[in-house]
Each structure stands twice: as C-alpha cells, then as structure tokens.
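Spelled out, the chains give:
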Amino acid sequence: MNHTSYIEISKSAYKKNIQFLRSEVGENTIISAVVKGNAYGHGIENIVPIAEGGGIRHFSAFSADEALRVYNASKKKSEIMVMGMLQNADLEELINKGISFFVFEFDRLEEAVSTAKRLQVKAKIHVEVETGFHRTGFEWEDREKLFKVLHANQEHLTLSGLCTHYAGAESVSNYVRVRGQIKKYLAYKDWLIEKGLTFEKFHTACSAATFSYPETIMDMVRIGIASYGFWPTQETYMYKFKTLPENNKNPLRRLINWKSSVMSLKEVKMGEFIGYGSSYMAPRDMRIALIPIGYSHGFSRLLSNQGKVLISGKIVSVVGTVTMNSIAVDITDLNGVKKGDEVVLIGKQRKNEITVASFGESIQQVNYELLTRLPLDIPRKVIA
Ligand SMILES: *Cc1c(COP(=O)(O)O)cnc(C)c1O
C-alpha cells in the first residue's frame, strides 16, 4: 500500500553539512548530533546510521524513549545523551546502557546517585547550570549544595559534562542576554573547578551559538538544525556570510524532499467557489489539480490560499482551504498535467524549488516546527 506522499532524505547532503560543521569547530571538538523531535522529523532510525557513516559518534536526544531508539539504531557504540525528560523509572536502564543524561535538579541527582549505588554502575551525568534561559538548570545560589552532593558521591557518578543552553543565540536582539549567559557559565565552571571537581566535557553551544559565538564551542557542540541543512535563522546566515569561502557560499544542504502526486483533475467555471466555504472564488474558468496532502500530513491549514507546490516544474498556488487530507492547486496555465504526475511540496523540480524557508515567509512557521510536524508515518526513503 502506498502512502499519499513520501520524504526523501539525502545522505550526501548530511555528510556535506557535517564536513562544514567540522571545519567550523575544528578537529578537537566533538559534534553531538541532536536527534530530538524524531531527528527533526527525519526519523531517528534513518539519521543515526547516516550520521555514523559521516563520522558522528555522539547523539543528543530529548527524552529516554528517543535515547533508546538511538541506542537500538546505533551500530558504532556511539555515546548517547538525554538533554530533557526522563522518569525516575528510566534511570536504571539508562545507567545500565551507559546513556548519559542532563541533571538539573536535586531530586533527579539524588535518584541518579541512589540508582547508581544500587546497580553498582556509575551514572554518567551532565550537570546543567542556570545561566539565564530560565527553563532548567541549577541556580548559582545552590552551588554549595550542588558541590556537596557531587563531591560526596564521586564513586557513583561520572561527571560527563557541565552544560547550559542559550536563550536565542540566533538573533542579535538577544546579544546582551547571551553574553550574560556565557559569563555566568564561565563563573560557575571556574567555581566548580576551584572546588576541585573535574568534568569530561564542557559544552554549551547549539547551531546558532556555534556560528555566532565561536567562544562557546568548547569540548563539544550540540548541533541540530544545521546538520539537517538549515541556518537557525536568516540572520545567522547573514552574519556568517562574509566569512564563507567564495566557492562555498551555501555550505548547508537540505536533506529532505517531500513529494506527492496528482490525485485528480477538475474544471471549475468562473464564479464558482473551490473547496469548503467561500474563501476562494474562481476569477476565471480554471483547471485545478487535487493533491492528497492536508493538515493531517503536516501541511498547515494556514497555507489555505497561500501555499505553493511544484507541478511540471512550475510553481502553482493552493486555492481554497487546506483540508485534512487534500489541497486544490491552480493548474490553469499548465499544459498536459495528468493524474499521477509528481508534485513537489518541498524540494526541486526542474528549475524551480520550494524551500522550507518559504513556509516561514508565508505563515511564520519556522523550519524547526515544519520539520518536526511531518508525521511519523509518511514514508522516508534514504537516497544517496
Ligand atoms: C535543541 C537543542 C540543541 C540544538 O539546537 P539547534 O538550534 O537545532 O542546533 C542544543 N542543545 C539543547 C539543550 C537543545 O535542546
């Protein structure tokens, strides 16, 4: 049985992105491939082998369930790190499998210690400190207590990392805030080192920080969006642009193409309404093509009368509302469109291209959101 659309994932694009990132961070910094959100919609099981083929040996997941999927997909004994959610009940399995995790509050820290004690296996932890993101992290005021717990339980803990996350390194409007965070992180780091603790890795940078605040690169960077071929924002790209080599001004390549096909064709007379309601009245005699893609497939309803797709190499417009399972597009000016013809929702067709950024321009849906809203059940095909 065929799905109504499919997503291609390009291996070579991923490898190029990693090569570029490697040139940015240097040889001595670990690149942790962030695979939260089902690898930004690409599929954890697709991305892990591609990434390992490109030399990646460290993965960052949001939650325990994702980390276990990475564990099962990994063929190279890569390191795996959970940056966010886990239940106390997950700790035993994570610790036994050597999966590391962020610790940002005392009860998780205490649970980690007691589980490690019981298992007689050290828990690998990344101590997350609050520097100004105000989501998760140990407060500066709690440093004495934090130090005491870490120090007292050294035989049960591997201090794999000391980390933080920046609150918007992708926009210069947050410049002061991010600078403040860097300062606070370094102060926390110095204080803990002064007290005699050592950490295997200091890591703070996401994609945007890596590009815009190179001093945040440290021992490891946690790279999500850039590895999938996107600049975190247009602003980050503009900032970076002048330093990119002349022969490689566009070093990040999108991995995905999203394709469907024409389901049906119809003639509509001038003055008739197309689809539900009255949002689109045919301004002339028209021909439309129905495409079996709707908001249930991740094609936002906000793209009603807004979205664009490619058919026969030409850009055509969505007319009427996006429904749960289909859209109508205006093909009046195209010749010879047939049922079954390829429709490109994201990607190239002949000379034209629909980018992920174009969704951001029309409906403010940032690339992160568009990607992660592509449903799990749309088949992904890995291509060269
Ligand atoms: C998502 C995330 C990243 C990666 O962010 P990108 O902008 O996709 O590179 C890094 N660190 C943490 C803690 C994250 O949650």
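Residues numbered from 1 in each chain as written. Predicted model: local features only at pLDDT ≥ 70, side-chain atom pairs only at ≥ 80, totals over all residues. Heavy atoms only, no water.

- Where an unreviewed UniProt entry is consulted, the chain appears under the name Alanine racemase, with the organism given as Belliella marina.
- UniProt lists a comment for the chain under the heading Sequence similarities (unreviewed entry), and it reads "Belongs to the alanine racemase family."
- Comment text from UniProt for the chain, heading Function (unreviewed entry), reads "Catalyzes the interconversion of L-alanine and D-alanine. May also act on other amino acids." (UniProt positions renumbered as here; feature names shortened; annotations may be inferred.)

Looking at the sheet that holds strand β11 (residues 264–268)
Next, step 1: Reading across from one edge, β11-β12-β15 is the order of the three strands in this open sheet, with antiparallel pairing throughout. What marks the edges here is a single partner per strand, and that holds for β11 and β15 (327–330). With strand direction ignored, the average angle separating the axes of adjacent strands in the sheet is 30 degrees. (Pairing = 2+ DSSP bridges. Helix = DSSP H or I, 4+ residues; strand = E, 2+ residues; numbered from the N terminus. Axes fitted to C-alpha atoms, helices over the stretch in contact; angles between N-to-C directions.)

Quick notes on helix α6 (residues 106–119)
Next, step 1: The first and last C-alpha atoms of α6 sit 20 Å apart over 14 residues, in line with the 20 Å expected at 1.5 Å per residue.
Next, step 2: Among the structural elements, α5 (91–96), β5 (100–103), β6 (123–128), α7 (143–152) and β7 (157–163) are those in contact with the buried residues of α6.
Next, step 3: Of the residues trailing α6, glutamine 120 is marked for its positive phi of about 60 degrees. (Expected span 1.5 Å × (residues − 1). Contact = heavy atoms within 4.5 Å.)

Some remarks on the domain arrangement of the chain
Next, step 1: One can read the domain layout of the chain as domain 1 (11–241) and domain 2 (256–354).
Next, step 2: Centre-to-centre, using C-alpha coordinates, domain 1 lies 41 Å away from domain 2. (Domains from an automatic or database assignment.)

Observations regarding the site of the ligand
Next, step 1: Residues in contact with the ligand, as listed here, are Val34, Lys36, Tyr40, Met83, His165, Cys206, Ser207, Arg222, Ile223, Gly224, Ile225 and Tyr368.
Next, step 2: Measuring from an oxygen atom of the ligand, one finds a side-chain N or O atom of lysine 36 at 2.6 Å.
Next, step 3: Arginine 222 is positioned such that a nitrogen or oxygen atom in its side chain is 2.9 Å from a nitrogen atom of the ligand.
Next, step 4: Protein chains bury 89% of the 390 Å² of accessible surface belonging to the ligand in isolation.
Next, step 5: Elements represented by at least two residues in the shell around the ligand include exactly α2 (36–40) and β9 (220–223).
Next, step 6: Looking at side-chain class alone, the shell around the ligand contains seven nonpolar, three polar and two charged residues. (Near = heavy atom within 4 Å. Polar contact = N/O pair within 3.5 Å; in protein donor to acceptor, adjacent residues only side chain to side chain. Areas by Shrake-Rupley, 256 points an atom, 1.4 Å probe, with all protein chains shown as cover. Nonpolar A, V, L, I, M, F, W, Y, C, P; charged D, E, K, R; others polar.)

A look at the side chain of serine 304
Next, step 1: Inspection of the secondary structure puts serine 304 in the loop between β12 (286–291) and β13 (308–311).
Next, step 2: Classification of serine 304 by relative accessible area gives buried; the value is 14%.
Next, step 3: Once you skip the residues sitting within four places of it in the chain, serine 304 turns out to touch Val318, Gly320, Thr321 and Val322. (Buried < 20%, exposed > 50% of the residue type's maximum accessible area, 1.4 Å probe, protein only.)

Remarks on the state of the cysteines
In protein chemistry, a disulfide is the covalent bond that joins the sulfur atoms of two cysteines.
Next, step 1: The tally for this structure, following the rule as stated, stands at zero disulfides.
Next, step 2: Not part of a disulfide, cysteine 163 finds its nearest cysteine sulfur in cysteine 206, a span of 13 Å.
Next, step 3: With relative accessibility at 15%, the residue cysteine 206 sits in the buried group. (Disulfide = S-S within 2.5 Å.)

Regarding unusual backbone geometry
Next, step 1: Within the chain, asparagine 38 stands out as a residue other than glycine whose phi angle is a positive 50 degrees.
Next, step 2: Within the fold, asparagine 38 resides in helix α2.
Next, step 3: With a phi close to 55 degrees, alanine 39 is a non-glycine residue in the positive phi region.
Next, step 4: With respect to the helices and strands, alanine 39 occurs in helix α2.

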